[in-house]
Amino acid sequence: MDKVIVVKLGGAIFGSHDTTIEDIVELQQQGRLLIIVHGGAKVVTEWLSRQGISTRFVDGERVTDKTMLEMVTAVLGGLVNKEIVASINTLGGRAVGISGVDGGLIKGRIKSDQMGYMGTVVKVDSALLEALLQSGYIPVVAPVSLYSFDRPDKAPPILNINGDPVAGEIAAAIGAERLIFLTDVVGICDASGKLLPKLSPNELEALVASGVVSGGMIPKIRACLRALSTTSTTRIIDGTQPHTLLREIEGGSGGTTIQRLSMVD
Ligand code: ADP
Ligand code: MG
């Protein structure tokens, strides 16, 4: 599995002029092994607000009650996942949509009582991912996961887990070649908004501690640091530009590279 590229699609790819799906199909046709993990927070928020339910985020993660958990499962595991898979298959790719509950892929526990059914990943079982890759499919993973640890009897068997840690844990578990986050900013920026092209784990911790990095960027950083145990390259790049993913695989510049300390020059 050391040739696999794990790509997390953030909110940026759900725009009407997006070329990411085309890039995914092109990369598959080149023989690349891809695992896609997607978010979709904005779509979930939109569906919740149609029901008059407002959303609260803590450090980029949604406080999730039971109604929200049902909505997350329906919208991320259903609508968003199927739209991505349908688009890939329509353009001539071969993709299968799954979620963290399928094949027991992602097993988690709740983060804290305050976060409700927002979970954290405890264990990854990558058998289904490997089977799909070996059969020539791109697994497209919705981060709806199993509530497997410390679950009270009456609690639902499902957890809402942010797509960033799910992508990071999958990359770590399979020893992916690269982990790439496509997001809606140029990369990680300093306090003046300037792009930081290369960061070490220590520099990242300092940026988080000082508050320069906040919100949805925090789980991405944590995921990159986690994946670096087995994954050689982790990148956070701008998914709003056309063909970002294709250019990235072909050695593109831009974005932020997070490297192990010993590799920073
Ligand atoms: P995604 O859908 O890709 O997960 P998020 O909104 O969750 O997107 O996370 C990306 C956001 O993180 C950016 O839009 C930006 O508002 C925020 N952010 C916080 N701190 C930083 C930083 N230092 N550099 C860049 N983005 C940051
Ligand atoms: Mg996010």
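Please read all numbers here as calculations on a predicted model, not as lab measurements. (Residues numbered from 1 in each chain as written. Chains lettered and ligands numbered in written order. Predicted model: local features only at pLDDT ≥ 70, side-chain atom pairs only at ≥ 80, totals over all residues. Heavy atoms only, no water.)

(A) Quick look at the site of ligand 1. With respect to spatial proximity, 16 residues lie near ligand 1, and among them Gly11, Thr183, Asp184, Ser214 and Lys220 are the closest. Separating an oxygen atom of ligand 1 from a backbone N or O atom of Gly11 is a distance of 2.7 Å. Elements with a minimum of two residues in the shell around ligand 1: β11 (178-183) and α7 (217-227). (Near = heavy atom within 4 Å. Polar contact = N/O pair within 3.5 Å; in protein donor to acceptor, adjacent residues only side chain to side chain. Helix = DSSP H or I, 4+ residues; strand = E, 2+ residues; numbered from the N terminus.)

(B) Here's a closer look at helix α4 (residues 127-134). Buried within α4 we find Leu129, Leu132 and Leu133. One side of α4 holds all its buried residues, which, seen down the axis, span an arc of 100 degrees. Looking at the buried side of α4, the elements it contacts are β1 (4-9), β2 (33-38), β5 (95-99), β8 (138-142) and α5 (163-174). Positive phi shows up at Gly136, right after α4, with a value of about 90 degrees. (Buried < 20%, exposed > 50% of the residue type's maximum accessible area, 1.4 Å probe, protein only. Arc of directions from axis to C-beta. Contact = heavy atoms within 4.5 Å.)

(C) Region of the structure containing the pairing of β1. The buried count for β1 comes to 6 of 6 residues, which makes it a mostly enclosed element. Side chains Val4, Val6 and Lys8 of β1 all project onto a buried face; the interleaved residues Ile5, Val7 and Leu9 project onto the opposite face, where all are buried too. Two strands pair when backbone bridges link them, and β1 and β2 are joined in this way by 6 bridges, in the parallel orientation. Following the sheet pairing, Val7 is matched in β2 by Ile36. (Pairing = 2+ DSSP bridges.)

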